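Chain residues, written in single-letter form:
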Amino acid sequence: MSVSTAFHPRPHATLAPWLASMAVMCCTLLTGPAAAQTSTTAPATWKPSKPTEFIVPSGAGAALDQAARKLTELLARDDPSQSFVVSNKSGAHSIAALEILHRHPGNAHTLMTLSSSYGNSLAQNALPAHLQKGTPLVTLFREFTTVVVRADSPLRNAQDLIAQLRKDPEKYSIGIATTLGNHIHLGVASPLQQGGVNIQKLRIVPYKSSAESMVALAGGHLDVVSATTPNLLPYLQSGRVRVLAIAADKRLDGAFAQSPTWKEQGINYVSDSFQGVMTAPGTSPAQQAYWVNALRKVSESREWKEFVTLNQWDPFFLGPQDTSRALHAQVERSHTLLTELGLLPNTSTRVAQAR
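Residue positions are given per chain, counting from 1 as you read along its sequence in written order. Where local features are concerned, this predicted model is filtered to residues with pLDDT of at least 70; where side-chain atom pairs are given and counted, the filter is 80 or more; whole-chain, interface and lining totals use all residues. Calculated side-chain values reflect all of the structure's heavy atoms, with hydrogen atoms and water omitted.

Undergrad: I'd like to hear about the sheet that holds strand β8 (residues 224–228), residue by residue, with values.
TA: A sheet is described by the order of its strands in space; here 5 strands give the open sequence β7-β6-β8-β5-β9, paired in mixed fashion. Edge positions in the sheet fall to β7 (203–207) and β9 (241–246), since each of these pairs with one other strand and no more. The mean angle between the axes of side-by-side strands here comes to 30°, regardless of whether they run parallel or antiparallel. Paired strands, in this sense, are two strands between which DSSP finds at least two bridges. A run of H or I in DSSP counts as a helix once it spans at least four residues, and a run of E counts as a strand once it spans at least two, with each numbered from the N terminus. Two elements, strand β5 (residues 145–150) and β9, share 5 bridges in a ladder whose sense is antiparallel. In this description, a line fitted to the C-alpha atoms serves as the axis of each element, helices being fitted only across the stretch in contact, and the angle between N-to-C directions of two axes falls anywhere from 0 to 180 degrees.

Undergrad: How would you explain the sheet that holds strand β1 (residues 52–56) if you had to name every residue and give the values?
TA: Two orientations exist for strands paired in a sheet by backbone hydrogen bonds: parallel and antiparallel. Taking strand neighbours across the sheet as the criterion, the 6 strands line up as β2-β1-β3-β10-β4-β11 in an open arrangement whose pairing is mixed. The two strands at the open ends of the sheet, each matched to only one other strand, are β2 (84–88) and β11 (314–318). Each adjacent strand pair in this sheet contributes to an overall mean axis angle of 25°, direction not counted. Looking at chain direction, β1 and β2 are connected through 5 bridges and run parallel. Looking across to β2, one finds that I55 is bridged to S87. Contacts from helix α9 (residues 285–299) reach β1, β2, β3 (110–115), β4 (135–142), β10 (274–279) and β11, with the element oriented near 10° to β4. Should any heavy atoms of two residues lie within 4.5 Å, those residues are counted as being in contact.

Undergrad: Just give me the short version of the packing of helix α6 (residues 183–194) against helix α11 (residues 320–341), but keep the residues and values in it.
TA: In a pair of packed helices, the angle between the axes and the distance between the axes together describe the arrangement. Where α6 contacts α11, the two axes come as close as 11 Å, and the packing angle between them is 60°. One way to sum up the angle between α6 and α11 is to call them oblique. Read as a crossing pair, α6 and α11 show a hand that is left-handed. Seen from α6, the contacting residues are L186, A189, S190 and Q193; seen from α11, they are L337, L338, E340 and L341. Here is the rule for angles: anything less than 35 degrees is roughly parallel, anything more than 145 is roughly antiparallel, 65 through 115 is roughly perpendicular, and the remaining ranges are oblique. Throughout, a crossing is termed right-handed when the near helix is turned clockwise from the far one, and left-handed when it is turned anticlockwise from it by less than a right angle.

Undergrad: Give me the lowdown on empty space enclosed by the protein, citing residues and values where you can.
TA: Cavity means a closed set of points on a 1 Å grid over the protein atoms alone, one where a 1.4 Å probe fits but cannot get out, pocket means an open set with protein on both sides within 12 Å along at least 5 of 7 lines, and lining means a residue has an atom within 4 Å of a point. Grid points are joined across faces, edges and corners, and a volume is the space filled by probe spheres set on the points. Enumeration according to the criterion identifies 3 cavities of 30 Å³ or more in this entry. Taken as a whole, the largest cavity holds about 200 Å³ of empty space. Secondary-structure elements contributing two or more residues to the lining of the largest cavity are α2 (63–78), α4 (116–123) and α6. Three classes are used: nonpolar for Ala, Val, Leu, Ile, Met, Phe, Trp, Tyr, Cys and Pro, charged for Asp, Glu, Lys and Arg, and polar for all others, with Gly counted as polar. Residues that form the lining of the largest cavity fall into these classes: 6 nonpolar, 14 polar and 1 charged.

Undergrad: Residues and numbers for the pattern of salt bridges, please.
TA: Counted as salt bridges are all cases of a side-chain nitrogen of Lys or Arg within 4 Å of a carboxyl oxygen of Asp or Glu. Per the stated rule, a full pass over the model turns up 12 salt bridges. R302 is the partner of E306 in a salt bridge, and the nearest nitrogen-oxygen pair spans 3.2 Å. Within this pair, E306 and its partner R302 are both found in helix α10 (residues 302–310), separated by 4 residues, close to a single helical turn. Put simply, R77, D78, R302, E303 and E306 are held in one network by salt bridges that share partners.

Undergrad: Quick one: what's the story with the packing of aromatic side chains, residue by residue and with numbers?
TA: Within 6.5 Å between ring centres, the rings of Phe, Tyr and Trp (the latter by its six-membered ring) count as paired, and their orientation is classed by plane angle as stacked under 30 degrees, edge-to-face over 60, tilted in between. Under the counting rule described, the total for this entry stands at 8 aromatic pairs. Taking the centre distance of 5.6 Å and the plane angle of 85° together, the rings of W46 and Y290 count as edge-to-face. With W46 in the loop between α1 (16–29) and β1 and Y290 in helix α9, this residue pair connects regions lying 244 residues apart in the sequence. Given the relative accessible area of 17%, W46 is considered buried. The exposure class of Y290 is buried, given its relative accessible area of 13%. Their ring planes at 40° and their centres at 5.4 Å tell us that W304 and F307 sit as a pair that is tilted. Here's how the labels work: a residue is buried when its accessible area is under 20% of the maximum for its type, exposed when over 50%, partly exposed in between, all with a 1.4 Å probe on protein chains only.

Undergrad: Explain the nonpolar core residue by residue, including any values.
TA: Y118, L161, L165, L192, L202, V224 and W262 are the most contacted members of the largest nonpolar core, which totals 47 residues. Discounting chain neighbours no more than four positions away, the residues touching L165 are K171, Y172, I174, L192, V197 and L202. Here the nonpolar core consists of buried residues drawn from Ala, Val, Leu, Ile, Met, Phe, Trp, Tyr and Cys, with membership extended through side-chain atoms lying within 4.5 Å. Counting 31 residues, the second-largest nonpolar core is a separate cluster that includes A68, L111, V138 and W304.

Undergrad: Run through the pairing of β3, naming residues and quoting values.
TA: Buried residues dominate β3, accounting for 6 of its 6 residues. Where β3 meets β10, 5 bridges bridge the pair, whose relative direction is antiparallel. Note on β10: the bridge partner recorded for S115 is Q275.

Undergrad: Which residues make up the side chain of Q330, and what values do they have?
TA: Of note, Q330 is situated in helix α11. Excluding residues that lie within four positions of it along the chain, Q330 makes contacts with S116, G119, N120, D272 and F274.

Dropping the structure here:
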């Protein structure tokens, strides 16, 4: 069966596991005419007629928020007749944000960040049925989770952290954002489990955003934080934090050049987190085509590429059908992992109160 695809990545070794999973889902999910990729080349017959709300399921200043604000800035630059309002709606499993997205089916004047957290919430069966009908539009880039401590911490590397937590899993408070079981949480729990730590006894402290958890770390209210690269960049550049491990296949560039990967330290863990954009359920092909074309144009711009590089993200573009397939693949992987880690609802994972 021939499957049309909008996937045009740069050659990059870190994409291989993620794309392999996607390829499996292509074979199992798509049959017959439904396999056709949504057209992104035909002229769109729809255009926004009023300001578009872009919903971000996290607090202001974090990686999701930064990406959304840059996207809307560049979308408005490309079409000055359009305007955007960015709304931050943080909350468990993005339910507050998803309620807004699903409030008006067919309303393509509402966009929302699509991230790995959404797939993990689906994997946990944490979303009511009426909030599982959003329309994926595009994937824009892959991101990497890190585990970080203050520069004055006695923990020098991942093996130090593993050694201490094997003795006492409750020894350190570990900040995450925004929900138990999401990709930020798995980004620290999964490699620690590989190292022999009882991850069900970890002291996990959820925050509204990674921007907030990093402030708490810098202020001495947390011992460890799991977050994606943009959130700790200013702290790393100023020498206030130390990266114990980063979930990439190989070391990143720039400020992260001295940050070791988990694989370097004997733990075979690489994250598969991503960010993209979704819209309301029930939108028409013409509405979807408008946004896919607009987002594709932004993704090809010099400003966007520089922004992605600055944040140490791995850029690539997937259209609607391929994004849906990749999301399904991630849900299956995450459900299996959450089951193994005991992080599905009604397990004994301890949630610590932020002090």
